[in-house]
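Fold and geometry: a report
Each chain, written out:
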Amino acid sequence: MLRNALLVALREVRRNLLRSFLTILGIVIGVWAVITMVTLGRGATRAVSAQIATLGSNLLLMRPGQRFGPGSANAPNFKLADAAAIRDQIGGLSAVAPAANRVVTAVYAARNWSTVVTGTSNAYFDATGWNLVRGRRFAEGELRAGKAVCIIGETVRSKLFGSESPVGSRIRLKQFSCTVIGLLRAKGQGAMGMDQDDVVVMPLRAVQRRLTGSVDVNTLFVSVGARADIDRVKQQIAALMRTRRHIADKEEDDFRILDTRQIAETMTSTIRIMTLLLGAVAAVSLLVGGIGIMNIMLVSVTERTREIGIRLAVGALGREVLLQFVIEAVVLSALGGAIGIVLATLGSIALASAMHVPYVFDARICALAFFFAAGIGVIFGYFPARRAARLDPIEALRHE
Amino acid sequence: MSSDAPQPLVALRGVTKTYGEGASALSALRGIDLDIAPGEFVAIMGPSGSGKSTAMNILGCLDTPTSGEHLFQGVHVERLSRTQRALLRRHYLGFVFQGYNLLARTSALENVELPLIYRRWPRTRRRAAALEALAAVGLVDWRAHRPSELSGGQQQRVAIARAIVTDPELLLADEPTGNLDSQRSHEIMALLAGLNRERGVTLVMVTHEAEMARYASRSVRFRDGLVEHDDAASHGGEQAA
Ligand SMILES: Nc1ncnc2c1ncn2[C@@H]1O[C@H](COP(=O)(O)OP(=O)(O)OP(=O)(O)O)[C@@H](O)[C@H]1O
Ligand SMILES: [Mg+2]
């Protein structure tokens, strides 16, 4: 009986290509949407975590102002002496680097490229885990004198130098020129278009004198030693800074200390919300796809009530006709689901590489989307067919 | 059976059929008694709307009477389950619909094969039998055509081929020559009469044409949902085989 129904069902699938195609299409779209959205969300989360890991897990980032970004304008910047005070008075630190930065257009030969110039000390490389592939770090004399030398990131190198070797060449930043003395090892692109290699590092004094025109620093990088307690260190630094910045007991901090773990948590939770949102959008498209499948199934069973009547009249049992319809629905749904999974996988891989996030295969989402879409196909193939298969043949034949 | 008369193959006892309810109710059959013996060839005649098709549908186990008894080989069909009635249709009955009722988008050959699929015949045997039935109605060359590509008369002949392909015990044909020209009609009647004579197929046929009714051994006339005339009654059952 099963084999028989299978043969009849397959013949009907072939015979009604348009109807079959539409059913499959509905399922494909639903499955595709859910899998792609969720996969990309997962990939973005992973990319952010990986990127944060490249910063090192024991890095503190200090910024003036309570919020990261524009709000910090009201609060006074840090002084160079703040960095020295932290280094001298807090125990358990492995590096403290003050930094000031500015967006500048760098020019070499006929090429130019807008990038961020960070003025800092050699401690910066230790704190943020940068290594050099070529050249050297700053010499003591260069730092002290604020000489126009720089170490560039991989992106800046490729934009300005192409295939040329950069070390020893001079690039122009704003109105002064600057000798390239080193090249940073690439950290790779981060999520959301953040390119970590798009940097130029110079001695702090050179940036202060030639670009920002002040002796302030706007960021302090503090690397905490492996055995120290980060939370305790944070408290100590905060207390020290409050006295140095003359903050009264009742007032809030006018600076902020972030540790990389905290940043990671904030970013992953943001991305988790985004993934949920995308998932909700995807679920809606799955639902719409499901309604499409439902519609096609209902219409086709109504259309086919006469067919059911004919089959019953020549001696088919109600359950044989029903089995045929269920097999048709299962075959179409499974086919649609499989195509959806394949397309979603290919699409996710392509989109993931375009968005610079890793592709993360998730079997559970595939299974969920597949069974949801297929389930709708089967259920809405089954119930109307069952109603028709219970009619007297003559009633089914009269059906309009 | 205690009676002297042979058991009828199929019998209707006081069968009524009412469509609809209340004021709009319509009595298509108002108490039909009909005994058909094995091997008979019965022609049912009567004006349009007299209930011929309704009675045929009940005889073909496609519809259930509102009241009365329907016996097939002594079995009360009206008491059988849906599945049992389907099995009766599958193994004993062949039906030619007034409106053909072929599967659309399906070739003539596959339409004729359909009853054999449900009889679980193997493919090659099925194919051979279907071709033979198509040959009998003169449509072998049209086997690959779909109903929409066939004339009304050709569709009717495909429907006949589908009904005879199983070699049924009882063949019910509702105006099988309604759409055929006179020559074709005679050919089809010769075919049906041959099945009745040579293979002992019991035949009940609705027709409007007296000329076609002459092929039958007995004629029954319907009027207003009742049997107005039955050869078997007036001739003292001489037709019983
Ligand atoms: N499904 C139905 N619903 C309501 N009335 C019906 C239905 N089928 C048949 N009838 C009515 O029952 C009566 C008998 O119909 P039936 O089809 O048996 O006539 P018939 O003798 O076969 O006529 P014809 O020679 O035109 O085929 C008619 O009055 C018809 O209108
Ligand atoms: Mg009729």
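So, here is what we can say about the structure in this document. All values derive from a computational prediction rather than experimental measurement. (Residues numbered from 1 in each chain as written. Chains lettered and ligands numbered in written order. Predicted model: local features only at pLDDT ≥ 70, side-chain atom pairs only at ≥ 80, totals over all residues. Heavy atoms only, no water.)

**Brief notes about the overall build of chain B**
Counting secondary structure elements, chain B contains 8 helices and 10 strands. For 241 residues, the compact-globule estimate of 2.2 N^0.38 gives 18 Å, and chain B sits close to it at 18 Å. Out of the 241 residues belonging to chain B, those deemed buried represent 54%. Intrachain contacts of chain B at a sequence separation of at least 6 include 70% that bridge at least 24 residues. Carbon and sulfur atoms make up 47% of the accessible area of chain B, which amounts to about 10,400 Å² in all. Across chain B, 27 positive and 27 negative side-chain charges occur, with their mean positions spaced 9 Å apart. (Helix = DSSP H or I, 4+ residues; strand = E, 2+ residues; numbered from the N terminus. Rg over C-alpha atoms; globule rule 2.2 N^0.38 Å. Buried < 20%, exposed > 50% of the residue type's maximum accessible area, 1.4 Å probe, protein only. Contact = heavy atoms within 4.5 Å. Areas by Shrake-Rupley, 256 points an atom, 1.4 Å probe, with all protein chains shown as cover. Lys, Arg positive; Asp, Glu negative; His and termini not counted. Charge placed at Lys NZ, Arg CZ, Asp CG, Glu CD.)

**Looking at a nonpolar patch on the surface**
Residues and elements named next belong to chain A. Taken together, the side chains of W32, L335, I339, V342, L343 and L346 define a hydrophobic patch exposed on the protein surface, amounting to about 520 Å² of accessible area. At 5 residues, helix 11 (residues 318-354) tops the list of elements feeding residues into the nonpolar patch. Mapped onto the elements, W32 comes out in helix 2 (residues 17-55). (Patch = residues over 30% accessible without salt bridge, like charges linked within 9 Å, V, L, I, M, F, W, Y side chains within 5 Å. Salt bridge = Lys/Arg side-chain N within 4 Å of Asp/Glu carboxyl O.)

**Notes on the site of ligand 1**
By nearness alone, 15 residues border ligand 1, and S48, G49, K52, S53 and T54 of chain B come closest of all. In this structure, ligand 1 sits where chains A and B come together, each supplying nearby residues. The contact in question runs from a nitrogen atom of ligand 1 to an N or O atom on the side chain of R398 of chain A, over 3.2 Å. Measuring from an oxygen atom of ligand 1, one finds a side-chain N or O atom of K52 of chain B at 2.7 Å. When isolated, ligand 1 has an accessible area of 640 Å², and the protein chains bury 67% of it. Mapped by element, the contributors of at least two residues to the shell around ligand 1 are strand 2 (26-36) and helix 1 (52-59) of chain B. Among the elements that make up the shell around ligand 1, the one with the highest residue count is helix 1 of chain B (3 residues). Classifying every residue of the shell around ligand 1 gives 4 nonpolar, 8 polar and 3 charged. (Near = heavy atom within 4 Å. Polar contact = N/O pair within 3.5 Å; in protein donor to acceptor, adjacent residues only side chain to side chain. Nonpolar A, V, L, I, M, F, W, Y, C, P; charged D, E, K, R; others polar.)

**A short note on the coordination of the magnesium ion (ligand 2)**
All names here are of chain B. Within the protein, the magnesium ion (ligand 2) binds to S53 (OG) and Q98 (OE1); these donor distances fall in the range 1.9 to 2.3 Å. One end of the pair, S53, is in helix 1; the other, Q98, is in the loop between strand 6 (93-96) and helix 3 (108-118), and 45 residues separate them in sequence. For S53, a relative accessible area of 23% translates into the label partly exposed. Overall, Q98 belongs to the partly exposed group, its relative accessible area being 39%. (Donors = N, O, S within 2.8 Å, 3.2 Å for Na, K, Ca; no water.)

**Observations concerning the interface of chain A and chain B**
Listed as interface residues are 27 residues of chain A and, on the opposing side, 27 residues of chain B. Our count for the contact surface shared by chain A and chain B stands at 4 salt bridges. Across the salt bridge formed by R120 of chain B and E320 of chain A, the nearest N and O atoms sit 2.4 Å from each other. In this structure, the connection of chain A to chain B is made through 11 residue pairs in polar contact (both at pLDDT 80 or more). Breaking the side of chain A that touches chain B down by element, the ones donating at least two residues are helix 1 (2-15), helix 10 (305-313), helix 11 and helix 13 (393-398) of chain A. Per-element accounting of the side of chain A that touches chain B gives the leading share, 6 residues, to helix 10 of chain A.

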